[in-house]
There are 2 protein chains.
Amino acid sequence: MPKLDLTTEEKILKAAEAIFLRDGYDGSRMQDIADEAGINKALLHYYFRSKDKLFEHVFDLKIGTFFPKADGVFDLDIDFTDKIGLIIEGYINLLRENPYLPLFVLNTVNNPEKSDFIKKLPIGLMQKIALNYFVELQKGKVRSINPMQFVMSIMGMCVFPFLAQPILMDAFGADKKAFDVLMEQRIEELKLYVKLILTP
Amino acid sequence: MPKLDLTTEEKILKAAEAIFLRDGYDGSRMQDIADEAGINKALLHYYFRSKDKLFEHVFDLKIGTFFPKADGVFDLDIDFTDKIGLIIEGYINLLRENPYLPLFVLNTVNNPEKSDFIKKLPIGLMQKIALNYFVELQKGKVRSINPMQFVMSIMGMCVFPFLAQPILMDAFGADKKAFDVLMEQRIEELKLYVKLILTP
DNA sequence: ATTTAGTTTAACCATTTGGTTAAACTTGAC
DNA sequence: GTCAAGTTTAACCAAATGGTTAAACTAAAT
């Protein structure tokens, strides 16, 4: 059961996350974050000395959810195709709970002033997928395609709908609920795509 | 052959595009745009009365390149699969020339203060693809999948690499040149994916 | 020669913004 | 009771920023 009373530090981080993700770094105001947290600006600076420091804290806290956690997947005794399926399922469900995170992260790493943050990204999963794909390829169990292209395709198909959500909702005449249903169905849809693409 | 001397208005729009796409709306400074255009701030306001007006001009000019122009494609006497292939080819080549545009557009439509701009988007192509897919489905020529899911997948696979370019270059150890080669190869790769996914 | 649009210079303005400070107040730990 | 950390209040500061203004200058059109 969730804690009822957040500490002030937690309230600040939660508020900062909401504002930074909604308005971006440049668009966010320290006063707005203080208001959202229900405290005053002086206390905000008492906890996090500057906007940059606060932003970095938020980024560090959320960065783990830009890629899905799939550490155990590759140890399972199932087909490679099914492993990818599990990753997709975990990823889309993660994104359904953090729909604004991809744009936040992409903006950060594309921001000339923040591009060092790219070093914080856990890119291990991408490389792991490419590596495991290569092993399967040696065994002749998957179609011969470029592993990098494959990784980009999987990620793109998972992430893009959340980036373009307002456009897609407009184009498809869908509301938030309908969009979420579409994302739920998307899990099985993408599993099918993967099977079709990978099966030699 | 390109005009040698741009008019002042053209110089301003070109400079504004460069700054807005690099720094985002909130991160852009009118002074930076004036400097980039080689003029002064007074003249900048003489041509475009406000930052908002200038931004809207840039957005209107570039919005056409967020989706590829593929008007004639659906009138061609070729397979649906090949029509999609042509769209993909046109789209990726368009993005190779406008790599920063997707993030710019996605930020704009996700910005609470600019969300009306969504109405400016030419979403016709998305609907046209879904519609034409539906016709093919009736004829039993394509696998039965959700047209909306298909459209999202195509767009995601085309656009995502350009959004995540810094991340991908880091993860794959690629430089700009290698990345562009990867995008060139991606055209044929995605054509293959589409054939595999659509063929019943 | 005069007009006119385009352009520069440079100062100016009001507002916003990140950040600071100092004093007073609260509250739980010791 | 005392102490210290946490918190509020409210004023303050310096810098940045979008935007304005007025006067002077340039060059092409009339």
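Conventions and cut-offs
- Residues numbered from 1 in each chain as written.
- Chains lettered and ligands numbered in written order.
- Predicted model: local features only at pLDDT ≥ 70, side-chain atom pairs only at ≥ 80, totals over all residues.
- Heavy atoms only, no water.
- Helix = DSSP H or I, 4+ residues; strand = E, 2+ residues; numbered from the N terminus.
- Buried < 20%, exposed > 50% of the residue type's maximum accessible area, 1.4 Å probe, protein only.
- Contact = heavy atoms within 4.5 Å.
- Areas by Shrake-Rupley, 256 points an atom, 1.4 Å probe, with all protein chains shown as cover.
- Lys, Arg positive; Asp, Glu negative; His and termini not counted.
- Charge placed at Lys NZ, Arg CZ, Asp CG, Glu CD.
- Near = heavy atom within 4 Å.
- Polar contact = N/O pair within 3.5 Å; in protein donor to acceptor, adjacent residues only side chain to side chain.
- Nonpolar A, V, L, I, M, F, W, Y, C, P; charged D, E, K, R; others polar.
- Least-squares fit on C-alpha atoms with pLDDT ≥ 70 in both.
- Patch = residues over 30% accessible without salt bridge, like charges linked within 9 Å, V, L, I, M, F, W, Y side chains within 5 Å.
- Salt bridge = Lys/Arg side-chain N within 4 Å of Asp/Glu carboxyl O.
- Arc of directions from axis to C-beta.
- Disulfide = S-S within 2.5 Å.
- Buried area = accessible area lost by both parts, 1.4 Å probe.
- Axes fitted to C-alpha atoms, helices over the stretch in contact; angles between N-to-C directions.
- Parallel < 35°, antiparallel > 145°, perpendicular 65-115°, else oblique.
- Left-handed = near helix turned anticlockwise from the far one by under 90°.

Draft legend 1. Structural context of the overall build of chain A. Across its full length, chain A carries 10 helices and 0 strands. Reading the helices (α) and strands (β) of chain A from amino to carboxyl end gives α-α-α-α-α-α-α-α-α-α. C-alpha extents for chain A along the principal axes are approximately 65 × 40 × 40 Å. Among the 200 residues that make up chain A, the fraction classed as buried is 52%. For chain A, contacts bridging at least 24 residues in sequence account for 67% of all contacts bridging at least 6. Accessible surface, chain A as shown: approximately 9,700 Å² in total, 52% of it carbon and sulfur. Distance between charge centres in chain A, computed from 25 positive and 28 negative side chains, equals 2 Å.

Draft legend 2. Up close: the protein's contact with DNA strand D. The environment of DNA strand D is made up of 16 residues, and the closest members are Thr8 and Tyr47 of chain A together with Arg29, Lys41 and Lys51 of chain B. Backbone sugar and phosphate groups make up 67% of those atoms of DNA strand D lying within 4 Å of the protein. With respect to DNA strand D, the side chain of tyrosine 46 of chain A contributes an N or O atom lying 2.8 Å from a phosphate oxygen. Contacts to DNA strand D include lysine 51 of chain B, whose backbone N or O atom sits 2.7 Å from a phosphate oxygen. Mapped onto the surface near DNA strand D, the elements with two or more residues apiece are helix H3 (41–47) of chain A together with helix H3 (41–47) of chain B. Class assignment of the residues belonging to the surface near DNA strand D gives a composition of 7 nonpolar, 5 polar and 4 charged.

Draft legend 3. Region of interest: the relation of the copies chain A and chain B. Once turned by 180° and shifted 0.0 Å along the axis, chain A lies on chain B with an RMSD of 0.0 Å. As the rotation angle and translation indicate, the two copies are arranged about a two-fold axis. Among all residues of chain A, the one whose C-alpha sits closest to the rotation axis is glycine 156 of chain A, at a distance of 2.3 Å. A high fraction, 100%, of the interface residues of chain A reappear at the interface in chain B, so the copies pair face to face through one surface.

Draft legend 4. Geometry of a nonpolar patch on the surface. A surface patch of nonpolar side chains, amounting to about 220 Å² of accessible area, comprises Leu76, Ile78 and Leu86 of chain A. Considering the arrangement of structural elements, one finds isoleucine 78 of chain A in the loop between helix H4 (51–62) and helix H5 (80–97).

Draft legend 5. Main features of the protein's contact with DNA strand C. Of all residues adjacent to DNA strand C, which total 16 residues, the nearest are Arg29, Lys41 and Lys51 of chain A together with Thr8 and Tyr47 of chain B. Among all atoms of DNA strand C positioned within 4 Å of the protein, those belonging to sugar or phosphate total 67%. Here a phosphate oxygen of DNA strand C and a side-chain polar atom of arginine 29 of chain A are 2.4 Å apart. Asparagine 40 of chain B is positioned such that a nitrogen or oxygen atom in its side chain is 3.4 Å from a sugar or linking oxygen of DNA strand C. Put simply, the parts of the chain that give the surface near DNA strand C at least two residues each are H3 of chain A together with H3 of chain B. Ranked by residues supplied to the surface near DNA strand C, first place goes to H3 of chain B with 4 residues. By residue class, the composition of the surface near DNA strand C is 7 nonpolar, 5 polar and 4 charged.

Draft legend 6. Highlighting helix H2 (residues 30–37) of chain A. All names here are of chain A. Taken together, the buried positions of H2 are occupied by Met30, Ile33, Ala34 and Ala37. The buried residues of H2 occupy an angular sector of 100° when the element is viewed end-on, so they sit on one face. After H2 finishes, the residue glycine 38 shows a positive phi value of roughly 75°.

Draft legend 7. Expanded view of the state of the cysteines. Taken as a whole and judged by the stated rule, the model has 0 disulfides over all chains. Here cysteine 158 of chain A is not disulfide-linked; the sulfur of cysteine 158 of chain B is the nearest cysteine sulfur, at 16 Å.

Draft legend 8. Main features of the interface of chain A and chain B. Each partner contributes residues to the interface: chain A has 50 residues there, and chain B has 50 residues. Counting each side, the surface lost to burial between chain A and chain B is near 4,700 Å², with a carbon and sulfur contribution of 72%. The largest per-residue losses of area from chain A upon contact with chain B belong to Met152, Phe160 and Ile167 of chain A, which jointly make up 15% of the total buried on that side. Applying the counting criterion to the chain A and chain B interface returns 0 salt bridges. At the boundary of chain A and chain B, one finds 13 residue pairs in polar contact (both at pLDDT 80 or more). Contributing elements (two or more residues each) for the side of chain A that touches chain B: helix H1 (8–27), helix H6 (101–110), helix H7 (124–138), helix H8 (147–163), helix H9 (165–172) and helix H10 (176–198) of chain A. Element by element, the count of residues in the side of chain A that touches chain B is highest for H8 of chain A, at 13 residues. Here the residues of the side of chain A that touches chain B sort into 34 nonpolar, 9 polar and 7 charged.

Draft legend 9. Representation of the packing of helix H4 (residues 51–62) of chain B against helix H6 (residues 101–110) of chain B. All names here are of chain B. Look at H4 against H6: their axes get within 12 Å of each other, and the N-to-C directions meet at 125°. For the element pair H4 / H6, the angle class is oblique. Judged by the twist between their axes, the crossing of H4 over H6 is left-handed. Contacts from Phe55, Val58, Phe59 and Lys62 in H4 reach Leu101, Phe104 and Thr108 in H6. Here the contact of H4 with H6 is built from residues that sort into 5 nonpolar, 1 polar and 1 charged.

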